[in-house]
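Here's the letter readout for the chains.
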Amino acid sequence: LNHNEKSGVDNDDVYKSEDIMSFNNLVTHDGLGCKQAPELMMQAHVVVFLLRLLKKLQYVRDTQNNNLELDDELTLVGRVLHHFMRAAFYNTHEITEIEKTGDRWENNNIRRIGRVTNSSLALINHSCDPNYRRVSDGVTTYGFACKPIGKGKEISDIYCKPFGSAPLQDRHRYLQKYNFKCECPACTNNWPDLAGLPSSLEGLPAKLY
């Protein structure tokens, strides 16, 4: 399978989110990380299930007429399915919606409804103190700054809970699946969570007001 994780960086190609090849070229971390047997077996079972479904719908044909062996075409389709599964695992964003269940904000219910694929937004790196957030409306996702971003500064997304609601060890444990160690300011300086911050704003340096 042709797979270039630097597509749009080291050549003159135009990077388009709607192009399936942009999604194909996203990172999959093949060969990295300590994948456990149950996870690998689950992925293999899902690929086999999808292949049988495609065969049943006659989307692909099996020239072997043998449920235990795959011909070259089915093997290629299986590899493509597995590749896209891994790309989706590392590069999609969770979608939630707010269900009004009370008179106060904290009484509302946040419900998970699925995941969204956007090959451009997937390129934004992580920080435990992000400066960017996103909102989805139908099939459109809007990205916006949640704090001032200076010229030349990197835009950062968040892949886990923010530093204010999760301790450093828990954040790093969760981020292990992405095969990197976060070195954002919140991590390198071990910023306290909300419970460890001062409850009063009095007495702070003038520049913090």
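For clarity, every value in this text was computed on a predicted model and none was experimentally measured.

This brings us to the overall build of the chain. Counting its regular elements, the chain contains 5 helices and 6 strands. Starting at the N terminus and ending at the C terminus, the chain contains elements arranged as α-α-α-β-β-β-β-β-β-α-α. Here the C-alpha radius of gyration of the chain, 22 Å, is well above what a compact globule of 209 residues would show, namely 17 Å. Counting only C-alpha atoms and orienting by the principal axes, one finds that the chain spans roughly 75 × 45 × 35 Å. By residue count, 26% of the 209 residues in the chain fall in the buried class. Relative to all contacts within the chain whose residues are 6 or more apart in sequence, the contacts with residues 24 or more apart total 48%.

The subject of this paragraph is the pattern of salt bridges. When charged atoms on two side chains of opposite charge get close, those side chains can pair. Enumeration over the complete set of coordinates arrives at 6 salt bridges. One salt bridge connects R104 with E106, and the closest N-O pair in it is separated by 2.6 Å. For D157, the salt bridge is made with R134, and the minimal N-O distance between the two is 2.7 Å. Taken together, the positions of D157 in strand β6 (residues 156-157) and R134 in strand β4 (residues 132-137) put the pair 23 residues apart, joining distant regions of the chain. We classify R134 as partly exposed; its relative accessible area is 25%.

Right, let's get into the packing of aromatic side chains. Tallying each qualifying case throughout the model produces 7 aromatic pairs. Between Y159 and F180 the ring centres are 6.2 Å apart and the planes differ by 85°, which places this aromatic pair in the edge-to-face class. Taken together, the residues Y159 in the loop between β6 and α4 (168-175) and F180 in the loop between α4 and α5 (185-188) connect sequence positions 21 residues apart. F180 gets classed as partly exposed once you look at its relative accessible area, which sits at 30%. An aromatic cluster of three or more residues is present, and its members are F89, Y90, Y159, Y174, Y178 and F180.

Here we come to the side chain of S127. Along the chain, the position of S127 falls in the loop between β3 (125-126) and β4. Sequence-distant contacts of S127, that is, excluding residues within four places in its chain, are made with S156, D157, I158 and C184.

Attention shifts here to the pairing of strand β5 (residues 140-145). Here β4 runs beside β5; their pairing, made up of 6 bridges, is antiparallel. Among the inter-strand pairings, R133 is bridged to a residue of β5, identified as F144.

Residues Y90, C128, C160, F163, L168, L175, Y178, C182, C184, A186 and C187 constitute the largest nonpolar core, which totals 11 residues. Elements that contribute at least two residues to this core include exactly α4 and α5. Among the nonpolar cores identified, the runner-up in size contains 5 residues, and L51, V60, L74 and V77 belong to it.

Turning our eyes to something else, we now look at α4. Those residues of α4 that fall on the buried side of the exposure criterion are L168, R171, H172 and L175. Looking straight down α4, one finds that the buried residues subtend no more than 95° of arc, so they occupy a single side. Facing away from the buried side of α4 by over 90 degrees, the exposed positions are Q169 and R173. Where α4 is buried, its residues meet β3 and α5.

It is the contact of helix α2 (residues 37-56) with helix α3 (residues 72-91), at a shortest axis distance of 10 Å, that shows an interaxial angle of 130°. Classified by the interaxial angle, the pair formed by α2 and α3 is oblique. Between α2 and α3 the crossing geometry is right-handed. Residues Q43, V46, V47, L50, L51, L54 and K55 of α2 form the contact with α3, whose participating residues are L74, V77, G78, L81, H82, M85 and R86. A class-by-class count of the residues in the contact of α2 with α3 yields 9 nonpolar, 3 polar and 2 charged.

Tracing the chain through its elements places S156 in strand β6. Filtering out sequence-adjacent residues up to four positions away, S156 remains in contact with I124, N125, S127, D129, P130, N131 and Y132.

The rules we used
- Residues numbered from 1 in each chain as written.
- Predicted model: local features only at pLDDT ≥ 70, side-chain atom pairs only at ≥ 80, totals over all residues.
- Heavy atoms only, no water.
- Helix = DSSP H or I, 4+ residues; strand = E, 2+ residues; numbered from the N terminus.
- Rg over C-alpha atoms; globule rule 2.2 N^0.38 Å.
- Buried < 20%, exposed > 50% of the residue type's maximum accessible area, 1.4 Å probe, protein only.
- Contact = heavy atoms within 4.5 Å.
- Salt bridge = Lys/Arg side-chain N within 4 Å of Asp/Glu carboxyl O.
- Phe/Tyr/Trp six-rings, centres within 6.5 Å; stacked < 30°, edge-to-face > 60°.
- Pairing = 2+ DSSP bridges.
- Core = buried A, V, L, I, M, F, W, Y, C linked by side-chain atoms within 4.5 Å.
- Arc of directions from axis to C-beta.
- Axes fitted to C-alpha atoms, helices over the stretch in contact; angles between N-to-C directions.
- Parallel < 35°, antiparallel > 145°, perpendicular 65-115°, else oblique.
- Left-handed = near helix turned anticlockwise from the far one by under 90°.
- Nonpolar A, V, L, I, M, F, W, Y, C, P; charged D, E, K, R; others polar.

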